[in-house]
Every structure is written in structure tokens, then in C-alpha cells.
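Listed below are the residues making up each chain.
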There are 2 protein chains.
Amino acid sequence: MKTFNDTLSRLQRLLPKERLLIDPAHLAAYESDGLTAFAVTPRAVVVAETPQDVIETIRICSDSGIPFVARGSGTSLSGGSLPHADGIVIALNRLNKILELDPQARIAVVQPGTINLAVSAAAHPHGLQFAPDPSSGQVCTIGGNVAFNAGGAHCLKYGMTANHVLGIKAVTADGNIIELGNSSTESTGPDLTGLFCGSEGLFGIALEITLRLVPRPECFHTVFASYDSLEKAGDTVSEIIASRLLPGALEIMDKLAIEAAEAAVGAGYPLGSEAVLIVELEGTRSQVEHDKQRLAGLLEKSGADVIRIAGDDEERAKIWKGRKSAFSAVGRLSPDFIVQDGVVPRRLLGKALREIQDIAKRHKVRVANVFHAGDGNLHPLIMYDGRIEGALEQGEACAAQIVRMCTTMGGSITGEHGVGMEKRAFLPDMYSKDDIDLMQRVRRGFDPQEISNRGKMFPDGEAPSLSLYGLHPLEKAGVISRQ
Amino acid sequence: MKTFNDTLSRLQRLLPKERLLIDPAHLAAYESDGLTAFAVTPRAVVVAETPQDVIETIRICSDSGIPFVARGSGTSLSGGSLPHADGIVIALNRLNKILELDPQARIAVVQPGTINLAVSAAAHPHGLQFAPDPSSGQVCTIGGNVAFNAGGAHCLKYGMTANHVLGIKAVTADGNIIELGNSSTESTGPDLTGLFCGSEGLFGIALEITLRLVPRPECFHTVFASYDSLEKAGDTVSEIIASRLLPGALEIMDKLAIEAAEAAVGAGYPLGSEAVLIVELEGTRSQVEHDKQRLAGLLEKSGADVIRIAGDDEERAKIWKGRKSAFSAVGRLSPDFIVQDGVVPRRLLGKALREIQDIAKRHKVRVANVFHAGDGNLHPLIMYDGRIEGALEQGEACAAQIVRMCTTMGGSITGEHGVGMEKRAFLPDMYSKDDIDLMQRVRRGFDPQEISNRGKMFPDGEAPSLSLYGLHPLEKAGVISRQ
């Protein structure tokens, strides 16, 4: 491949050897992201240390039409930062500076490799925080949060990442430097900043991101309630919303998820319950004081078996630990699992959960449910044993049914994980051909050659099916074979 | 013009005579919008009655490359719905149905010609409201709110229109029907709904808009304070924000604006004050109860001359009446005025106001200031007497200096009125050539022929200067002549 060697030579002139990885042993670390069922070896990895490294690398790729993908901590659950087999990975972890933090203007300007929780940590002394709180906050990066418009347990109250990004300086896939938005909350013209959020790396790479900071709540009131049916928990969520309380978070876990979390971290969830509801009020002391009376009244009438109120920060942390570790805890129940994050209209939550149970039964797989109930964002964890032939396909078929159920109900195929590599085939369930064509045309406004994260999001991307695309890690290890 | 006659014949087959206006006497009503200094006669006006009328009209325009512009109530202050001299106006006022209102899901689906306040009126019995509240809410339409991403006095707390639009069904300028977003608050892929908001009619025409409704506040606490200097009022705003109070609205009016409002509606503002500050707390009863103590403490120390608290709804309405009628009230002080709506970083408010006074002095014009202080959104009302030769140009030069001051301070050329026809020349002050090229490319993704609201927003639009473009209404009336 002459073209690629030319590109490589140009990159070699740009970067020292230790920051231009081409050795297969080094490349292996970049083969997969959080969606480990996929693995693709890139041609090279550029470890960027400065914005100029990113810009020059993209310009070199653009000159030769070589695809590239940005990668932060590689936590994408939709395969969003999976490499392209003919392309380059641009690793952004070292671009992790907080360039500015202005407590009066309540903004922070950060580089894309900055860790999500590092922003809140820096804002903490000023009584401020960065609101989006994905479960992976301790490792995931702001660049990834922007690319996938990340949410988190508290997005019921605060909205998604797009609601907290005021401006973006980026290099587009054709090598131009663009500045979208500014530190004002009022934008001029079409909201290109908002457009960039959720663009899944298809437009280019953000170099500087201006984030909105919000005051940290003065206090929290975290309540945990268990139920003998999922419906009761779901109905309670509807009651809470209808009462006009606006909790910071409203989470439900089902029996399997409870058992897993309990076994893993001992959060004190009552075993045997069919559902656990976590409600967290937050705000000023007087507001929380007032709202908690209303909440108590609602919960008393909700038919809960156990109601527990966190008495202090430690108890609050314990309740959340169970919820936040649910994903990894499910690993105790099953060697492998697939997470979906479809959304259903809130009022259909109960129906959706019953249907998921039916789908699981039909596919003979176990599904644990953990979800952001307040905004109808499901997280079914579909368990399978990758060592058993056909089990992955069975799990995938089940996941596909659940995704299709969400769109049939008028919801969305993804609440916060993104389409990425994983859900490309489902995009036409949500959007018409005209809609998708329009997205493509908008994308080509940023990336005429379609080199930035090529093959993702769109249904006609290359290598559409899992089995054609890459080997499962267990296949590569020789444990399973599907060929 | 063969082309246009062909187009007209096709439109005649589509529409009854009374809904296809071509008579100059009928067209006159569509020559100007809220920016009355501009006036352009369109070739024809289509009065749409159904979405299909809009779709077919756009397809006919697209076939022949004839430009069109959507018009609701024609309240744009930036000339956003000004006709194109070779084009068609598509009037949307009759598309004013509220198609769906779901109190549980807290959404309303409306047609683009629905009046802003009609949405809140329909939501009222369910304890809900549509939050964006432009001063023109009694007449302006949701379609226009979307096109210009309208704000209002309460956008400090609630954000702009884009924050309250969940989905848009639209016809693009090339005649395709697209559906962006959905009723979920969590979107998939790049935020095209958000992109459409603020696109100033350059992408096509929205046919159905899904709005988010929010609970109406249980109660309000409206306080009015007067000061002997603008700085004191500005500093008080900074203190309030720093204290972590989040008022629904934080407005300042200066001496001239106070005098005008007082003369017009007798709101009870103390004459002779240099500045009036309006602070409105809102929320649940207990929250407002708590916050008002804090606010009282701050205001006591703020050096206010008079502090007045609205004791009931009537007193609240009176305070707001003065503010909301300030624009028209200024008409009492001057036969003509230009309104700008630039934004400056909040911490530079004091500096900006001093500078505006200097600019006004240098240009020998009077400027009244009314502004959304909480978010730094200025509304200088630049007064001139259009009957005096050169006065309009003098006013415009003054307005231009104020806009440039905003961008120099790191702000924005427009907070909520949009770029439209008026501020096209200033776009390059905010955006680089690469940024503007990108916007053009994105626009062409929706409108390859650039027929939808042609000539607006971009600096290289046709007919760049006011005097070249159209006649001032007073010129047309023969009162003034600039030629």
C-alpha cells in the first residue's frame, strides 16, 4: 500500500517514534473499546501531545484520504472509538489540561483528553461542578462525552452534555480550524456547538471545549425503596414526576441487577425484592427540606416494602455504589453481557419492562435491568456465555428485539451510549431515508471524504455485521470459534 | 421573466386566488417585518392553510430555483422574514393548530403559526407552561421562535427556545420531509433539532414542532429596586448570581428607558433614578420563601434608593408592564429607533454600559438601555428621527459601534433577535472564514440552491447595505428622501 507508506513517512517526520505506534504489540491495546465484542487493529496510533499534533495528523490523513478515529479512554459502549482497519487512531489522553477555570463566569475550558471527574474536582473549591455524570466518570474523557453527548444518572435534572457545552474549537476532517459557540449561553445562528455534540467523531476532533459549570447542590437527600413488583416502582416514578418534584436522579434496578450489585459491593439492597428505586433530591437546604416531606408522602403510599433514607454521606455513597457498579457486578452472574441503552416514553416504562422479560424468555437469555427511570432510559444487561457456540448471536438477537421495541414505542435506539458501530443497523428504524441522507450531507459539510470515524453510525457503513467485522476476544484467544 | 410566470402558473393550479396574493395592494402588507427600516416587495404571497400547501409550494420553488421566505406574524427585529424581491413569501399564520398536548409526557405538538402565548394558555389548566417568553409573546409564532432561537426575560433560568424543542418535522428547501429528534429528551446522533433552531429559515420550513412543557412556578416574588447609578445595579446582578440564587428574571432599565416606560404605562418606577433592577424569584412556595430572605439581605446592602416588593399579582403585572412595554414606550421619546441585542460577558456589564454612553455621545444620539442583565444580553434602543437627513445613518453607525463593542468584549452580536438582514455584516466579527464556510456547507446540506430565506445571515448575501436595499417606510411615504 503505497499510499499508507507515504502517510506513515509524513507522520514519522512529525512525531518521535514513541508517539507513533506501529508495532502490533503496541497496537493491540487500541483494538477494542468498551464494546469488547468488536476488535480491529489499526494501521498506526498517534499519541498526540499538543493540539498541533492533532491538526497536522488530520491534515496528513486528509491529504491521502486515510481514515482516522479519535480515542480518549476507550470507554465507548457502542464501539464508537473502534479503529478502522485501514486507518489511524489519534490518542488524546495526553491532551488533558484544564486551560481555564473562571468561577465567576462559571466556565471551564478544557482539552478533550481531560477526565470527566477531573473537571468537577477542579471546580469543587469554587462550589461548582460539571453536571454530566456518566458511570464511567472516573476514567472517561470530555472529548468522548462531547462526541456521544453523554448523560448519566443526573441528566433527568441537568440534561445531557450538549446542555453543558458552550463552545468548541475543533479541527474538521478537512483540516480547517473552526470555533463554534462561545462562552455566552446565547448563540448566534444555527447551533453548531450542539450539532457537534453527539456527532460521534464524524466531523473532526475537538481541541478545546468550553464547559458550563453549575453550582454544587448544598445538600442531598437520597432515598431507597424496594418493591415486590417492577410495576409498583415504575408507577412511583410516574407519581413523583406528576407531583412536580424534580429529583436529581430517579433510578430503578430489577431483581437480577440487585442480586448482582449486592454480591459485588454489599450496598445493603434487600435481596428478594423485585425492584429497587433510588430517588435523590438535591438543591438548597430549604428546598430539599420541603421536597423531602412531599417525597415521603408519595413513597408511603407507593406500596414499598422497605424505605431507607441515607443518614449521611457514607450511606448515600453506599446506595450509589450499588447502582454505579451494577454493570461490572453483572459480570459475576455471567461471563459476558451486552448493554443496550434504548429509551421509551416514560409512561410506557411498565409495559417496556414486561416486554423485555418476554423477549428474554423467548430468547432463553437472562436480562438484568438498571435504568434511568426518570427519563425512560433503559439499560438492559443481556447476559451470555461467549464460550458457548451461538450464545453471542442469541444475546444479540435479544438485544436487537429490545432496541426495536423501543423504536416501536416511539422512543430512541440510544439514550447516551450512541450509535457507534453497534447500532448502525437500527438507525433506519428511527429515521427515514431522507433524514439519513440529510445527516450524511451535513456530515460531508465537515468531512467531504468521510475519513473521520469512517464506517460508524450510518447503516451503510462498511462491514455491517459483527461476525464479518472482527473477532470476538474469546475467538482471538482461541476459546471459541464461529467459523 | 418566463421562469417566474411558469412558477406562478403552477402555484395557481395549487391554490385558490384568495390564497395566492399577487396584487401590489395585498403584497404591501408583507413588505416589512419588525425591522421597519427595510421594505421589499415579494413577487407573490402564498397563504398556506395546510402543511401540504407548504410542501407543494416549496417543491415548486425548488424546481425553478425561486427563493422563498416563511413568515409568521412578522415580528422579527432583525429583518429575518423580509421578502426577497424575486421570491415568494409563505405565510404560516393559518397553520396554528395545537395538534397534541400530553400533560403527562409534558409535551405539546404544534404547527408553526401557533402563537407563543397560546401554547402556555393551552397548557395552563394542566399546571404547565412553554417557558420561552419573548416580549412579543402575544403575537409572535412558534415557527419564528424556532427559526431565531428566541429567548425572553426568563431565559436566564430556562434557556432559549432550542432548550424547549424536542422534535421538528420539516420540509427542507429541496422538498424533502425530515423528522428531527423525537419526544424523548435524549437524542440520537448529532443534534439536528438543535441545529434547526436558530437556522433563521435557511434550511426549510418546520411543519410540526414538538415542544417541552415545564411546570408553572407555584409562586413568584417580584422585587423592584432603583439606584443612583447603573454600576450599582450591575454590581447587584453580579452579587445575586454569585450568591447562587437563580432568579427567573434579572432585568435592568436605565434612566431614559424608565422615563419612557413611566410616561407610557405608569408602572410606578421612581423618576430620576439612574437604573431600575427587576428581580423575580419563582418556584415552589418553600423555595421562594427561603430565597427571598437571601435576596432581601443582598438588596439591603446594594445601595438601592427604593426597594419595592410586589404584594400581589396586580403589582407584579404592573412592574412587568413597564419592562415589557419599554420598546414601544421609547416611541414616545423618539419617532424612530433601532434595537440591538448584543451580548457581553456578565462581568463586563458595567464597562459595556459606560462604553455605550460614550458611543452615544460621540454619535450625538440618545440611547435607552433595557437589558436581560442576568445573561449579559443588552437591548440598547438607539433613537433617531428618520425625518432628519442623515439621522438614520447616524443611528446605524452608533448601533454598529455597539455591536462591535460586544464582539470585542468576547460576547455575541445577537442574543435572541438573530442575524437576519440586519447584522449580516457583523458575522465575520464573530466567526472566521472557515467557520462561515462550514455554516454555508451545512446550509447547503438542507438547501443546495440556497433558496430558503436567500440573502440572510451570511455576510456575502445580496444587497448588503440598508440604503441600497430598500426604502425606509418614511421615504416611501414621501416624508424623507435619502436619494
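All values reported here derive from a predicted model rather than from experimental measurement.

1. Some words on the overall build of chain A
When its secondary structure is counted, chain A shows 18 helices and 18 strands. Relative to a compact globule of 483 residues, whose C-alpha radius of gyration would be 23 Å, chain A shows 23 Å and is just as compact. Projected onto the principal axes, the alpha-carbon positions of chain A cover approximately 70 × 60 × 45 Å. Out of the 483 residues belonging to chain A, those deemed buried represent 61%.

2. Digging into the nonpolar core
In this structure, Phe196(A), Val442(A), Phe446(A), Phe196(B), Val442(B) and Phe446(B) are the most contacted members of the largest nonpolar core, which totals 74 residues. Sequence-distant contacts of Val442(B), that is, excluding residues within four places in its chain, are made with Leu192(A), Val442(A), Phe446(A), Leu195(B) and Phe203(B).

3. So, the packing of helix α13 (residues 349–362) of chain B against helix α14 (residues 391–408) of chain B
Residues and elements named next belong to chain B. Where α13 meets α14, the closest approach of the two axes is 10 Å, and the angle between their N-to-C directions is 155°. Of the possible angle classes, the one that applies to α13 and α14 is roughly antiparallel. Between α13 and α14 the crossing geometry is right-handed. Across the interface between the two elements, Ala-352, Glu-355, Ile-356, Ile-359, Ala-360 and Arg-362 of α13 pack against Cys-398, Gln-401, Ile-402 and Met-405 of α14. Partitioned by chemical class, the residues of the contact of α13 with α14 number seven nonpolar, one polar and two charged.

4. Observations regarding the sheet that holds strand β10 (residues 204–212) of chain B
Residue and element names in this part refer to chain B. Strand order in the open sheet made by the five strands is β5-β6-β10-β8-β9, with antiparallel pairing throughout. Looking at the sheet topology across the chains shown, the edges are occupied by β5 (98–102) and β9 (177–181). Each adjacent strand pair in this sheet contributes to an overall mean axis angle of 15°, direction not counted. As judged from the seven bridges shared by strand β8 (residues 165–172) and β10, these two strands associate in the antiparallel manner. Bridged to Val-165 within β10 is Leu-211. Each of β5, β6 (107–110) and β10 touches helix α4 (residues 116–123); the most contacted strand, β5, lies at about 40° to it.

5. Points about the relation of the copies chain B and chain A
Each copy of the sequence occupies a distinct position, and chain B is placed on chain A by a rotation of 180° and an axial shift of 0.0 Å, giving an RMSD of 0.0 Å. What the superposition gives is, in effect, a two-fold axis relating one chain to the other. An overlap of 99% is found between the interface residues of chain B and their copies at the interface of chain A, pointing to a shared contact surface.

6. Some remarks on the pairing of strand β14 (residues 275–283) of chain A
All names here are of chain A. Burial of β14 is extensive: nine of the nine residues sit out of reach of the surface. Residues Ala-275, Leu-277, Val-279, Leu-281 and Gly-283 line one face of β14 and the alternating positions Val-276, Ile-278, Glu-280 and Glu-282 line the opposite face, and both faces are buried. In terms of strand pairing, strand β12 (residues 219–227) meets β14 through nine bridges, oriented antiparallel. Looking at β14, one finds that Tyr-227 is bridged to Ala-275.

7. Looking at the environment of Leu99(B)
All names here are of chain B. With respect to the element layout, Leu-99 can be found in strand β5. Along the primary structure Leu-99 and Ile-88 are separated by eleven residues, whereas in three dimensions their C-alpha atoms are 27 Å apart. Not counting the four nearest positions on each side in its chain, Leu-99 is found in contact with Val-109, Val-110, Gln-111 and Glu-208.

8. What about the domain arrangement of chain A?
All names here are of chain A. Here chain A is partitioned into domain 1 (98–215) and domain 2 (219–329). Computed from C-alpha atoms alone, the centre-to-centre distance between domain 1 and domain 2 is 29 Å. Of the residues lining the interface, eight residues belong to domain 1; the matching set on domain 2 comes to twelve residues. Buried area between domain 1 and domain 2, summed over both chains or domains, comes out near 870 Å², and the portion from carbon and sulfur atoms is 51%. Three residues stand out in domain 1 for area buried against domain 2, namely His-154, Leu-156 and Lys-157, and they jointly supply 62% of the buried area on that side. Taken together, domain 1 and domain 2 are joined by two salt bridges. The partner of Asp-133 in a salt bridge is Lys-324, and the shortest N-O contact between them spans 3.8 Å. Taken together, the links from domain 1 to domain 2 amount to three residue pairs in polar contact (both at pLDDT 80 or more).

9. A word on the pattern of salt bridges
Residues and elements named next belong to chain A. Throughout the structure, instances matching the rule amount to 46 salt bridges over all chains. Between Arg-19 and Glu-49 there is a salt bridge, and its shortest N-O distance comes to 3.3 Å. Placement of Arg-19 in the loop between α1 (2–14) and β1 (20–21) and of Glu-49 in the loop between β2 (44–47) and α3 (51–64) is noted, with a sequence separation of 30 residues between them. Judged by its relative accessible area of 10%, Arg-19 falls in the buried class. A single salt-bridge network, built from bridges that share partners, covers Arg-19, Glu-49, Asp-53 and Arg-94.

10. Concerning the packing of aromatic side chains
Residues and elements named next belong to chain A. As enumerated under the stated definition, the model contains six aromatic pairs over all chains in all. An angle of 70° between the planes, with centres 6.1 Å apart, marks the rings of Phe-196 and Phe-203 as edge-to-face. Aromatic rings pair up to connect Phe-196, Phe-203 and Phe-446 into one cluster. Directly above the aromatic system of Phe-4 lies the positively charged group of Arg-43, at a separation of 4.2 Å from the ring centroid.

11. Topic: unusual backbone geometry
All names here are of chain B. Its identity is not glycine, yet Asn-149 carries a phi of approximately 45°, on the positive side. Although it is not a glycine, Lys-364 sits at a positive phi angle of roughly 55°. With respect to the helices and strands, the residue Lys-364 is situated in the loop between α13 and β17 (367–372).

12. Observations concerning the packing of helix α16 (residues 433–446) of chain A against helix α16 (residues 433–446) of chain B
Between α16(A) and α16(B), the least distance of the axes is 8 Å, while the angle of their chain directions is 160°. Regarding the angle of α16(A) to α16(B), the classification is roughly antiparallel. With respect to the hand of their crossing, α16(A) and α16(B) are arranged in right-handed fashion. Contacts between α16(A) and α16(B) involve Leu438(A), Arg441(A), Val442(A), Gly445(A) and Phe446(A) from the former and Leu438(B), Arg441(B), Val442(B), Gly445(B) and Phe446(B) from the latter. Grouping the amino acids of the contact of α16(A) with α16(B) by side-chain chemistry returns six nonpolar, two polar and two charged.

13. Focus on the interface of chain B and chain A
Size of an interface, as often reported, equals the accessible area lost when the parts are brought together. Listed by partner, the interface residues are 68 residues for chain B and 68 residues for chain A. Taken together, the two surfaces of chain B and chain A that pack against each other cover about 5200 Å², and 49% of this comes from carbon and sulfur. Asp102(A) is paired through a salt bridge with Arg347(B); the nearest N and O atoms lie 3.9 Å apart. For the pair chain B and chain A, the interface holds 16 residue pairs in polar contact (both at pLDDT 80 or more).

14. As for the sheet that holds strand β18 (residues 380–384) of chain B
Residue and element names in this part refer to chain B. The seven strands are arranged β15-β12-β14-β13-β17-β18-β16 in an open sheet whose pairing can be described as antiparallel. Every interior strand has two partners, whereas the edge strands, β15 (306–309) and β16 (336–339), have only one. Each neighbouring strand pair of the sheet contributes to a mean axis angle of 15°, computed without reference to strand direction. Pairing of β17 with β18, which is carried by three bridges, proceeds in the antiparallel orientation. Paired with Asn-369 across the strands is Pro-380, a residue of β18. The sheet strands contacting α14 are β16, β17 and β18, and the helix crosses β18 at an angle near 160°.

15. With respect to helix α8 (residues 230–242) of chain B
Residues and elements named next belong to chain B. Helix length check: α8 (13 residues) gives 18 Å between terminal C-alpha atoms against 18 Å at 1.5 Å per residue, within 8%. Those residues of α8 not exposed but buried are Leu-230, Ala-233, Gly-234, Thr-236, Val-237, Ile-240 and Ile-241. All buried residues of α8 fall inside an arc of 155° around its axis, so they share one side. Projecting away from the buried face of α8 at angles above 90 degrees are the exposed residues Asp-235 and Ala-242. The inward-facing, buried residues of α8 abut α6 (155–158), β12 (219–227), β13 (249–254), β14 (275–283), α10 (285–300) and α13. Two residues or fewer past α8, Arg-244 is found with a positive phi of approximately 75°.

Basis of the calculations
Residues numbered from 1 in each chain as written. Chains lettered and ligands numbered in written order. Predicted model: local features only at pLDDT ≥ 70, side-chain atom pairs only at ≥ 80, totals over all residues. Heavy atoms only, no water. Helix = DSSP H or I, 4+ residues; strand = E, 2+ residues; numbered from the N terminus. Rg over C-alpha atoms; globule rule 2.2 N^0.38 Å. Buried < 20%, exposed > 50% of the residue type's maximum accessible area, 1.4 Å probe, protein only. Core = buried A, V, L, I, M, F, W, Y, C linked by side-chain atoms within 4.5 Å. Contact = heavy atoms within 4.5 Å. Axes fitted to C-alpha atoms, helices over the stretch in contact; angles between N-to-C directions. Parallel < 35°, antiparallel > 145°, perpendicular 65-115°, else oblique. Left-handed = near helix turned anticlockwise from the far one by under 90°. Nonpolar A, V, L, I, M, F, W, Y, C, P; charged D, E, K, R; others polar. Pairing = 2+ DSSP bridges. Least-squares fit on C-alpha atoms with pLDDT ≥ 70 in both. Domains from an automatic or database assignment. Buried area = accessible area lost by both parts, 1.4 Å probe. Salt bridge = Lys/Arg side-chain N within 4 Å of Asp/Glu carboxyl O. Polar contact = N/O pair within 3.5 Å; in protein donor to acceptor, adjacent residues only side chain to side chain. Phe/Tyr/Trp six-rings, centres within 6.5 Å; stacked < 30°, edge-to-face > 60°. Lys NZ or Arg CZ within 6 Å of the ring centre and 35° of its normal. Expected span 1.5 Å × (residues − 1). Arc of directions from axis to C-beta.

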